[in-house]
Amino acid sequence: MSLTVAAALCCVVVVVLGGLPLSSEAQLDPSFYRDACPKVHSIVREVVRSVSKKDPRMLASLIRLHFHDCFVLGCDASILLNNTDTPTKIDSEQQAFPNVNSIRGLDVVNQIKTAVENACPGVVSCADILTLAAEISSVLSGGPDWKVPLGRRDGLTANRTLANENLPGPSDGLDRLKSAFKNQGLDTNDLVALSGAHTIGRARCTFITSRLYNFSNSGKPDPTLNTTYLQQLRNQCPKSGSGNDLVNFDLTTPDKFDKNYYTNLQGNKGLLQSDQELFSTSGADTISIVNKFASNQDVFFAAFKASMIKMGNIGVITGKNGEIRKQCNFINKKSAEVDLASVVSKETSSSEEGMVSSF
Ligand code: HEM
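From a predicted model like this one, the values you see are computed outputs, not experimental measurements.

**Some thoughts on the overall build of the chain**
Part 1: Check the secondary structure of the chain and you find 16 helices and two strands.
Part 2: Expressed as a percentage of its 359 residues, the buried residues of the chain come to 38%.

Structure follows, in structure tokens:
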């Protein structure tokens, strides 16, 4: 190949690559707020720390909130939007089945936002606050820390239907769990690592009663449940109970972020069916990953960090798209009006040119 041909090819490659959108990963940056809000991490940390002193479970709730945000329209704080009719109709994700009477921490996020706005008004997105709160919660409960890539912007809408479709359920089998994660660009290793967040927090009895009393309509308990643990859970979740009582995910160290989630699975003491599936599905490729994390906490922590960063990159909005919400539960009215105005003016100008057919 002559030098000129090589140089020309090189230019073509540069031009083609230059035309591709950068991956969302490349657009986020841990030092995004270095100039505009240098203390953001410590401000978020202080609120989370003080709330969690009185309510240790909040650390679990905040990690989960970030997960439930990212799996629906990406990590855009869509989960925080309340129902509204104007200026844009929002069907809040908070009423989707996996969230209703279940997600916690919305008020804490607002508390954080207020503290952040006091220091640096109009700069930090609610989506980044959710991500930072998740990392800080991991650290405060004894889990790993990592440099959180930042620079997400807040979305302008929410989608309850997608929340119902995309979020995995506690009775899902392994194939469904894998595909729910795959749909978000996450692989089997991510599934097993991120499920490790169930080393802290609680679940309501309603999610395990069929496992305890009538698994798959068999009239019997889930055969994969350790019998001593089964008895313990039956005491905590009586057959005729309301279903709203709470059970610890990790029976040994309920508020400590450690690798016990995986040792529990090895002992058939996973709380949800979806947890135990990772270890008890015969021949599954997840078994060796569970064993690996159970035998070495450092390996689990490294994987958890990497997968949290990967999850935090799902569908992020950056640059000039979206907005920085003033209040996390509502889109900024002004920006909605501006959007609407620009759509109307585009439609008017196009139809003036006779480009748009009526429909
Ligand atoms: C793999 C599929 C998953 C399923 C089926 C699942 C399901 C559930 C369910 C049913 C609850 C209890 C909710 C309630 O009682 O109201 C729960 C709680 C929780 N989930 Fe998951 N989850 C999954 C993955 C994840 C992931 C990826 C994370 C985070 C990275 C996570 C973090 C949590 C935490 C920390 C709690 C406790 C929350 C609290 O105590 O407030 N989960 N999950």
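Anyway, onward from the coordinates.
**Brief notes about the site of the ligand**
Part 1: Taken together, 25 residues sit near the ligand, with S61, S102, L194, A197 and G201 positioned nearest.
Part 2: Looking at the shell around the ligand, the elements with two or more residues in it are α4 (58–70), α9 (188–195) and β1 (202–204).
Part 3: In the shell around the ligand, the residues fall into twelve nonpolar, seven polar and six charged.

**Notes on helix α6 (residues 126–140)**
Part 1: Here α6 contains 15 residues, and its C-alpha end-to-end distance of 20 Å stays within 8% of the 21 Å for a straight helix at 1.5 Å per residue.
Part 2: Most of α6 sits out of view: 13 of its 15 residues are buried.
Part 3: Trailing α6 by a residue or two, G142 shows a phi angle of about 105 degrees, which is positive.

**Describing the confidence of the model for the chain**
Part 1: The predicted model of the chain averages 89 in pLDDT, with 86% of residues at 70 or higher.
Part 2: α6 holds the highest mean pLDDT among the elements of the chain, 99, whereas helix α1 (residues 3–19) holds the lowest, 38.
Part 3: Low pLDDT, under 50, characterises residues 345–359; the stretch is placed with four contacts to residues that sit more than four places away or in other chains.

**Description of the nonpolar core**
Part 1: Ranked by size, the top nonpolar core spans 79 residues in total, and within it V44, L62, V109, I129, L130, A133 and V290 carry the most contacts.
Part 2: If one sorts the elements of this core by residue count, α6 sits on top with eight residues.
Part 3: Here V109 is in contact with L80, C126, I129, L130, A133 and C328, once residues within four sequence places are set aside.

**Thoughts on the environment of N183**
Part 1: Summarising the element assignment, N183 is placed in the loop between α8 (174–182) and α9.
Part 2: Exposure remark for N183: the 12 C-beta atoms within 10 Å place this residue in the exposed category.
Part 3: Considering only alpha carbons, one finds N183 and N166, 17 residues apart in sequence, at a separation of 8.1 Å.

**Quick word on the packing of α8 against α9**
Part 1: Contact pair α8 / α9: the axes reach a minimum separation of 9 Å and the direction vectors enclose 100 degrees. On the basis of their axis angle, the class for α8 and α9 is roughly perpendicular. Of α9, the residues touching α8 (which contributes L177, K178 and F181) are T188, D190 and L191.
Part 2: Of the residues assigned to the contact of α8 with α9, the class counts are three nonpolar, one polar and two charged.

**A look at unusual backbone geometry**
Peptide bonds are mostly trans, and most non-glycine residues show a negative phi.
Part 1: Here the amide bond leading from T86 into P87 is cis, since omega sits at -5 degrees, within 30 degrees of zero.
Part 2: Its location among the elements puts P87 in the loop between α4 and α5 (106–119).
Part 3: Phi angles above zero are rare outside glycine, and A77 is one such case at about 65 degrees.
Part 4: As for its placement among the helices and strands, A77 is situated in the loop between α4 and α5.
Part 5: Using a count of 31 C-beta atoms within 10 Å as the deciding quantity, one classes A77 as buried.
Part 6: The backbone phi angle of S216 is positive, close to 50 degrees, even though this residue is not glycine.

**Some details on helix α15 (residues 297–312)**
Part 1: Counted at 1.5 Å a residue, the expected span for α15 with its 16 residues is 22 Å, and the 22 Å between its end C-alpha atoms agrees.
Part 2: Within α15 the residues assigned to the buried category are F300, F301, A303, F304, S307, M308, M311 and G312. Here the buried residues of α15 occupy an arc of 165 degrees about the axis, which is enough to place them on one side.
Part 3: Buried residues belonging to α15 abut α4, α6, α9, α12 (260–266) and α14 (286–295).

**Side note on the packing of α4 against α6**
Part 1: For the pair α4 and α6, interaxial distance at closest approach is 8 Å and the crossing angle is 145 degrees. The way α4 lies across α6 gives a crossing that is left-handed. Within the contact between the two elements, α4 uses L59, L62, I63, L65, H66 and D69 and α6 uses L130, T131, A133, A134, S137, S138 and L140.
Part 2: Grouping the amino acids of the contact of α4 with α6 by side-chain chemistry returns eight nonpolar, four polar and one charged.

Calculation rules
- Residues numbered from 1 in each chain as written.
- Predicted model: local features only at pLDDT ≥ 70, side-chain atom pairs only at ≥ 80, totals over all residues.
- Helix = DSSP H or I, 4+ residues; strand = E, 2+ residues; numbered from the N terminus.
- Buried ≥ 20, exposed ≤ 12 C-beta atoms within 10 Å, placed from the backbone.
- Near = placed C-beta within 6 Å.
- Nonpolar A, V, L, I, M, F, W, Y, C, P; charged D, E, K, R; others polar.
- Expected span 1.5 Å × (residues − 1).
- pLDDT = per-residue confidence, 0-100.
- Contact = placed C-beta atoms within 7 Å.
- Core = buried A, V, L, I, M, F, W, Y, C linked by C-beta atoms within 7 Å.
- Axes fitted to C-alpha atoms, helices over the stretch in contact; angles between N-to-C directions.
- Parallel < 35°, antiparallel > 145°, perpendicular 65-115°, else oblique.
- Arc of directions from axis to C-beta.
- Left-handed = near helix turned anticlockwise from the far one by under 90°.

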